[in-house]
Number of protein chains: 2
Amino acid sequence: MPEQHPFTPQTRRQLLTRIGVAAGTAAMYQAMTAMGHAAGTDFTSPPTLTGARKGTTVLVLGSGLAGMLAAYEMRKAGYNVRVLEFQNRAGGRNFTLHSGDSFTELGGASQSVKFAPGNYINPGPWRIPYHHQGLLHYCREFGVALEPFVEVNHNSYLHATNAFGGKPQRYRDVMSDFNGYTAEMLSKAVNQHKLDDILHPDEREHVLAAMAGWGTLDSSYRYVKSDRVSQRRGFAKPQGGGIDGAPIPSDLLPRDEIMASGLWNWLSFNMRLEMQTTMFQPVGGMDQIGKAFAKQVKDLITFGCKVSAIHQDDKGVSVTYTDVNHGNRTVEAKADYCVCTIPLSILSQLDVQVSGPMKAAIAAVPYASSVKVGLEFNRRFWEEDDQIYGGISFTDQQMSQISYPSHGYFSKGKAVLLGAYMFGSAAYDFAGMTPEQRIEAVLEQGSKIHPQYRKEFSNGVSWAWSRVPWTLGCCSMWSEQARKTHYKTLCEVDNRVVLAGEHASYIGCWQEGAILSSLDAITRLHKRAIGAA
Amino acid sequence: MPEQHPFTPQTRRQLLTRIGVAAGTAAMYQAMTAMGHAAGTDFTSPPTLTGARKGTTVLVLGSGLAGMLAAYEMRKAGYNVRVLEFQNRAGGRNFTLHSGDSFTELGGASQSVKFAPGNYINPGPWRIPYHHQGLLHYCREFGVALEPFVEVNHNSYLHATNAFGGKPQRYRDVMSDFNGYTAEMLSKAVNQHKLDDILHPDEREHVLAAMAGWGTLDSSYRYVKSDRVSQRRGFAKPQGGGIDGAPIPSDLLPRDEIMASGLWNWLSFNMRLEMQTTMFQPVGGMDQIGKAFAKQVKDLITFGCKVSAIHQDDKGVSVTYTDVNHGNRTVEAKADYCVCTIPLSILSQLDVQVSGPMKAAIAAVPYASSVKVGLEFNRRFWEEDDQIYGGISFTDQQMSQISYPSHGYFSKGKAVLLGAYMFGSAAYDFAGMTPEQRIEAVLEQGSKIHPQYRKEFSNGVSWAWSRVPWTLGCCSMWSEQARKTHYKTLCEVDNRVVLAGEHASYIGCWQEGAILSSLDAITRLHKRAIGAA
């Protein structure tokens, strides 16, 4: 779902502080044996759970991806599985708001989605990195159609309120000029023999060649306005056809402004493994994955079960829940084992009979807040006027980013973009507003990047994760310290109960974390159940 | 179609020489008035050609995109248009080889395409940059469905025969390490006050912050193996779920090898305006564009017309051609005006009655050679084994690159990739081979990157542009000198004849060049025809 360390650079001091903090985590994990440099996550193939004892029962709590996957694989292994779900819908945080949907958040505000038919927004997960092989495996197995999600767009905008007079800059301009000036400065130092203590003569030559090519420097190792540089950052008058086809090169952004702007942060951001190309999204909305999982296990799910207690002894597990769909009667469900995928933000408030250390672990992980806003406009002005097809524009305003749709390119009629996606204090500020105020704030901020906003706006919808009764937040945010103290304990099989979900993974806030956590949890539970562990 | 300045770095000397040459062109165009920094090409909207005289006739030679667009817009403007086409197919270099197609190249070698039904390869143009707004406009107008073409793939391979023991490296590893070492070196110079002559104290601080963040340096401004760096280049043991989910960071590539390898050239290559994200391809093959254009003007086209002479006087134009489809009879077609889109490689051999300077211009532009090879494999091992979805792997071997299909992701069964795309001497070497030898050479070279090649190979097809009778090459390659001397003359309306095509544009070798050239040519011809120029 979200990146784990989002940031919105605002002032120089914040910027420097942030970099200091991030750099401090660098030696977090120590090197161990050298292994084959595998890409991606830790998925190779689904587990083979053999030898399950006939008649063994398993209760799965929660029908998000982790819960449904546990149910799917454990039934396949021969277990008798039942799933209890609080909502009247399977999928958990994997869902999509479609035209005509409506919902009420904690605090009572209700919204309905007024998008044109077929338009949608994903309030939760919305993109899938290429290395999330566990999730991609099940998408393929369950027949979920995927299409590319465009993350990096060289023609999108980067915006900082206090840089360039508040004027948004094209990603390609910032990238070209940042690289060019960096190459120019390093070349200068190398040419003046100021790095001879670390560079032997051959490498000096190679570094100079690299800087000249990579940074598009001229023959004097200067980064200057030129046709060649404009072949990267774009021309003032583009290349054309016919008699007046000659292009005119574009002016460069000043070096000191580029460096002070902090806009280079977004170049950096998109180099993260989680943001690299090729990403994917399901055709028609992220909920296509939840629906495909649900298709496999729908006969196992009971909806409207509000769990209040999880007890266990040597003989089995007993789960107490309120049957919301049948007069709120109290029900006790029993099984031999339990896979609990309830988010820790909820679980920490229930009566759960596990060891003291695991209780401490369940209470140790705060949940991030996050707000997303979907905006529908009368036309794709970002395509038609700005030549932006998919990808993301970033800003240091609270809204943080605009993600343009990676589907329906070039189509006419109304279209929806992600008009805000924020974490931290901005998310709490926005959660404190009415839905109307959120839309107004996002229109105000978005207009700084796209002046067409007000004129083309049709309607919008907002989703504040801190106001969602079934998660009370967006996803787990492990601190380094909590991870050291509590993580292994949280993942252990506690007698007959094991936890699963993105919170029980190193890929927090992503669906892949839920998938891999679930596979690991059921593999270990299975071993316990057959007496192998 | 191809990039204008392709290169395959091979030795250090070649590398340094090449960079020197490229840097020399930097100040090619001089700055003129500061204009709004428009993106993309020189297209805003289709021309409005008003006031055409009733009954005026126009002969268009060639039914590639330039010719068909000229026919379409001039008929709309009220002209009586006819198109003469040499082949028995419209589209020109816009075409696709589908399963079951067959062809014979100059020299007599015949090939048939043995791909599985539905599979294809585009021997000519294959991708559309976001700023090719002229072409995109007509795709939209004519209803051509487009899908993203993935150019940059952070998980593809970069390969240099003499670097890293010949082992291909992941794009993300090279990118991360190149950026990291660059940032580390520049930080060192800045920290040691060796660039104080150009950096004032504030900017020093900003540059250090930028290098630390962009280059993922540690708190001592070092680029070192760490969890944080692996968040960009990938882990040795990836992040996982459950109890053993902790990742293990990956080893870095050595700085001097990265710098000496020349692999950074490909990072640079993908920053070019022409290669930036978002790119597109038509769903089903590039020929969908040619077919959509042809649908608009098919009633105007006569096929099998081998033009031998273009004459003109004060009263009109006379074109002599051999009617290949009707007993090779000689025919003379007459019209008031002529738009000639015949490639210069062919036109320079015909009897064309234009001014001496224009004749010289027609003869002044050499055509590039290029070879493409399509390979069909039994399965998508690049996806299944290597987690590469679309994008391009680059190598310094003759084959130059492997472009993985940007469609049909995750599907089972046979799939086709572009197994070679080469220019220059490599293209001539390959054109000199038999089709079987080409496939063998590409399998041999490609196995260096994908050891699965031999085992999974099904069949292949090659296309050598220098052996194509209707173009005798791939596309125009203007030298800087020829451009200065001949370009304007080539584009001028010569009495009643005007030339159009990618060769009459500053976007040579791309379809957009053909589109913009055609629009400019007919706009000026129209002015001439109504007496306004």
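For every chain, the first residue of the written sequence is number 1, and numbering continues from 1 along that sequence. Just so you know, chain letters begin at A and ligand numbers begin at 1, following the order they were written in. pLDDT decides what is reported in this predicted model: residues at 70 or higher carry local features, side-chain atom pairs at 80 or more are listed and counted, and totals for whole chains, interfaces and linings draw on all residues regardless. The basis for every side-chain value is the complete set of heavy atoms in the structure, and neither hydrogens nor water enter the calculation.

**Details of the overall build of chain A**
Numbering of helices and strands starts at the N terminus; helices are DSSP runs of H or I of at least 4 residues and strands are runs of E of at least 2. Along chain A, the regular secondary structure elements total 17 helices and 25 strands. Throughout, the radius of gyration refers to the C-alpha atoms, and the reference size of a globule is 2.2 Å times the residue count to the power 0.38. Relative to the compact-globule value of 24 Å for 533 residues, chain A shows a C-alpha radius of gyration of 26 Å, a close match. Based on the C-alpha atoms only, the size of chain A along its principal axes is roughly 80 × 60 × 40 Å. The contact definition used throughout considers only heavy atoms, calling two residues in contact when any of these lie within 4.5 Å. Looking at chain A alone, contacts between residues at least 24 apart form 70% of all its contacts between residues at least 6 apart. Calculation of accessible area relied on Shrake-Rupley with a 1.4 Å probe; when residues are assessed, cover is drawn exclusively from the protein chains displayed. As displayed, chain A offers around 18300 Å² of accessible surface, 51% of which is attributable to carbon and sulfur atoms.

**Focus on the sheet that holds strand 14 (residues 317–323) of chain A**
Residue and element names in this part refer to chain A. At least two DSSP bridges between two strands are required for those strands to pair. Read from one edge to the other, the open sheet built from four strands follows the order 15-14-13-17, with strand pairing classed as mixed. Of all strands in the sheet, those bounded by a partner on one side alone are strand 15 (329–335) and strand 17 (351–352). Where strand 14 and strand 15 come together, seven bridges link them in antiparallel fashion. Across the sheet, residue Thr-322 finds its bridge partner in strand 15, namely Thr-330.

**Quick look at the environment of Pro-254 of chain A**
Residue and element names in this part refer to chain A. Structurally, Pro-254 is set in the loop between helix 6 (227–233) and helix 7 (255–261). For the pair Pro-254 and Gly-55, spaced 199 residues apart in the sequence, the C-alpha separation amounts to 72 Å. Not counting residues up to four positions away in its chain, the partners in contact with Pro-254 are Phe-164 and Tyr-181.

**Regarding the packing of helix 11 (residues 356–363) of chain B against helix 16 (residues 480–491) of chain B**
All names here are of chain B. Angles run from 0 to 180 degrees between N-to-C directions of axes, and those axes are lines fitted to C-alpha atoms, restricted for helices to the stretch in contact. In contact at an axis separation of 8 Å, helix 11 and helix 16 are set at 115 degrees when each is read in the N-to-C sense. Taken together, the axes of helix 11 and helix 16 lie roughly perpendicular to each other. In the packing of helix 11 onto helix 16, the handedness of the crossing is left-handed. Contacts between helix 11 and helix 16 involve Pro-357, Met-358, Ala-360, Ala-361 and Ile-362 from the first element and His-486, Thr-489 and Leu-490 from the second. In the contact of helix 11 with helix 16, the residues fall into six nonpolar, two polar and no charged. Here roughly perpendicular refers to angles of 65 to 115 degrees, roughly parallel to angles under 35, roughly antiparallel to angles over 145, and oblique to all remaining angles. If you view the pair so one helix is near and one far, a crossing is left-handed when the near helix is turned anticlockwise from the far one by less than a right angle, and right-handed when it is turned clockwise. When residues are sorted by character, Ala, Val, Leu, Ile, Met, Phe, Trp, Tyr, Cys and Pro go into the nonpolar class, Asp, Glu, Lys and Arg into the charged class, and all the rest, Gly among them, into the polar class.

**A few points about the packing of aromatic side chains**
Pairing of aromatic rings covers Phe, Tyr and the six-membered ring of Trp, with a centre-to-centre limit of 6.5 Å; geometry is then stacked below 30 degrees between planes, edge-to-face above 60, and tilted otherwise. Tallied over the entire structure, the rule returns 67 aromatic pairs over all chains. Considering the side-chain rings of Phe-95 of chain B and Trp-465 of chain B, the 6.2 Å spacing of their centres and the 85 degrees angle between planes classify their relative orientation as edge-to-face. Taken together, the residues Phe-95 of chain B in the loop between strand 2 (80–84) and strand 3 (97–98) and Trp-465 of chain B in the loop between strand 23 (457–464) and strand 24 (475–476) connect sequence positions 370 residues apart. Pairing Tyr-181 of chain B with Tyr-223 of chain B gives two aromatic rings, centres 5.1 Å apart and planes at 75 degrees, and the pair type is edge-to-face. Of this pair, Tyr-181 of chain B sits in helix 4 (residues 171–191) while Tyr-223 of chain B sits in the loop between helix 5 (201–214) and helix 6 (227–233), and the two are 42 residues apart along the sequence. Across the pair, Tyr-223 of chain B and Tyr-181 of chain B agree in class, each one buried. Its end group placed over the ring of Tyr-487 of chain A, Arg-483 of chain A keeps NZ or CZ at 4.9 Å from the ring centre. Remark: exposure states derive from per-residue accessible area (1.4 Å probe, protein chains only) relative to the maximum for the residue type, with buried under 20%, exposed over 50%, and partly exposed in between. The rule is short: NZ of Lys or CZ of Arg within 6 Å of the ring centre and within 35 degrees of the ring normal puts a charge over the ring.

**Brief notes about the side chain of Asp-173 of chain B**
Tracing the chain through its elements places Asp-173 of chain B in helix 4. Overall, Asp-173 of chain B belongs to the buried group, its relative accessible area being 4%.

**Thoughts on the UniProt feature "domain: Amine oxidase" (unreviewed entry) in chain A**
UniProt positions are given in the numbering used here, feature names are shortened, and annotations may be inferred rather than shown by experiment. Following the UniProt record, the feature "domain: Amine oxidase" (unreviewed entry) maps to residues 65–521 of chain A here. Taken as a whole, residues 65–521 of chain A contains 33% helix and 22% strand, while its terminal C-alpha atoms sit 13 Å from one another.

**Remarks on the interface of chain A and chain B**
With 126 residues of chain A at the contact, the number on the chain B side is 126 residues. When two components associate, each loses some accessible surface as probed by a 1.4 Å sphere; the sum of these losses over both components is called the buried area. For the chain A and chain B pair, buried surface summed over both sides reaches about 11300 Å², with 62% attributable to carbon and sulfur atoms. Counted as salt bridges are all cases of a side-chain nitrogen of Lys or Arg within 4 Å of a carboxyl oxygen of Asp or Glu. Linking chain A to chain B there are eight salt bridges. For Arg-255 of chain A, the salt bridge identified is with Glu-203 of chain B, shortest N-O distance 2.7 Å. For this analysis, a polar contact is any N or O atom pair within 3.5 Å, provided that within protein one partner can donate a hydrogen and the other can accept it, and provided that sequence-adjacent residues contribute only side-chain to side-chain pairs. Counting the contacts that link chain A with chain B gives 41 residue pairs in polar contact (both at pLDDT 80 or more). The leading source of residues in the side of chain A that touches chain B is helix 5 (residues 201–214) of chain A, at 11 residues.

**Let's talk about the relation of the copies chain A and chain B**
C-alpha atoms of residues with pLDDT of at least 70 in both copies form the basis for the least-squares superposition of the copies. Here chain A sits on chain B after a turn of 180 degrees about the axis and a move of 0.0 Å along it, with an RMSD of 0.0 Å. In symmetry terms, the pair is related by a two-fold rotation axis. Residue Leu-186 of chain A, judged by its C-alpha, is the member of chain A lying nearest the rotation axis, at 2.6 Å. Mapped onto chain B, 99% of the interface residues of chain A are again interface residues, and the two copies thus contact each other with one and the same surface.

**Notes on the nonpolar core**
Val-339 of chain A together with Val-339 of chain B are the most contacted members of the largest nonpolar core, which has 231 residues in total. The residues touching Val-339 of chain B, leaving out its near neighbours within four places in the chain, are Val-58, Leu-59, Val-60, Leu-61, Ala-70, Met-74, Val-498, Ala-500, Ile-522 and Leu-525 of chain B. Think of a nonpolar core as a cluster: buried Ala, Val, Leu, Ile, Met, Phe, Trp, Tyr and Cys residues, connected wherever their side-chain atoms sit within 4.5 Å.

**Details of empty space enclosed by the protein**
A water-sized probe rolled over the atoms picks out the places where empty space is left. Any residue with an atom within 4 Å of a point lines the site, the site being either a cavity, points on a 1 Å grid over the protein atoms alone where a 1.4 Å probe fits but cannot get out, or a pocket, an open set with protein on both sides within 12 Å along at least 5 of 7 lines. Grid points are joined across faces, edges and corners, and a volume is the space filled by probe spheres set on the points. Here the structure, examined in full by the defined rule, presents six cavities of 30 Å³ or more. In this structure, the largest cavity occupies an estimated 350 Å³ of space. Around the largest cavity, the lining comprises 20 residues; the ones closest to its centre are His-154 and Met-175 of chain A together with His-154, Met-175 and Met-271 of chain B. Within the residue set of the lining of the largest cavity, elements represented by two or more residues are helix 4 (171–191) of chain A together with helix 4 of chain B. Residue composition of the lining of the largest cavity, by class: 12 nonpolar, eight polar and no charged.

**With respect to the confidence of the model for chain A**
Overall, the predicted model of chain A reaches an average pLDDT of 92, with 92% of residues at or above 70. This complex was scored by the predictor with a pTM of 0.92 and an ipTM of 0.92. For every residue, the predictor reports its confidence as pLDDT, a number between 0 and 100.

**Comments concerning helix 16 of chain B**
Each helix should span, by expectation, one fewer than its residue count multiplied by 1.5 Å. For helix 16 of chain B, with 12 residues, the first-to-last C-alpha span of 16 Å sits near the 16 Å given by 1.5 Å per residue. Those residues of helix 16 of chain B that are buried lie in contact with helix 10 (344–347), helix 11, strand 25 (497–499) and helix 17 (511–529) of chain B.

**Thoughts on the state of the cysteines**
We call a pair of cysteine sulfur atoms a disulfide whenever their separation is within 2.5 Å. For the structure on display, the rule yields two disulfides over all chains. The disulfide bridge from Cys-475 of chain A ends at Cys-509 of chain A, spanning 2.0 Å between sulfur atoms. Residues Cys-475 of chain A and Cys-509 of chain A share a disulfide whose torsion about the S-S bond is about 90 degrees; that sign makes it right-handed. With Cys-475 of chain A in strand 24 (residues 475–476) and Cys-509 of chain A in the loop between strand 25 (497–499) and helix 17 (511–529), this pair connects stretches of sequence that are 34 residues apart. Overall, Cys-475 of chain A belongs to the buried group, its relative accessible area being 0%. The class of Cys-509 of chain A is buried, set by a relative accessible area of 1%. There is no disulfide at Cys-139 of chain A, and the cysteine sulfur nearest it, in Cys-509 of chain A, is 19 Å away. Unpaired in this structure, Cys-340 of chain B has its nearest cysteine sulfur neighbour in Cys-338 of chain B, at a distance of 5.5 Å.

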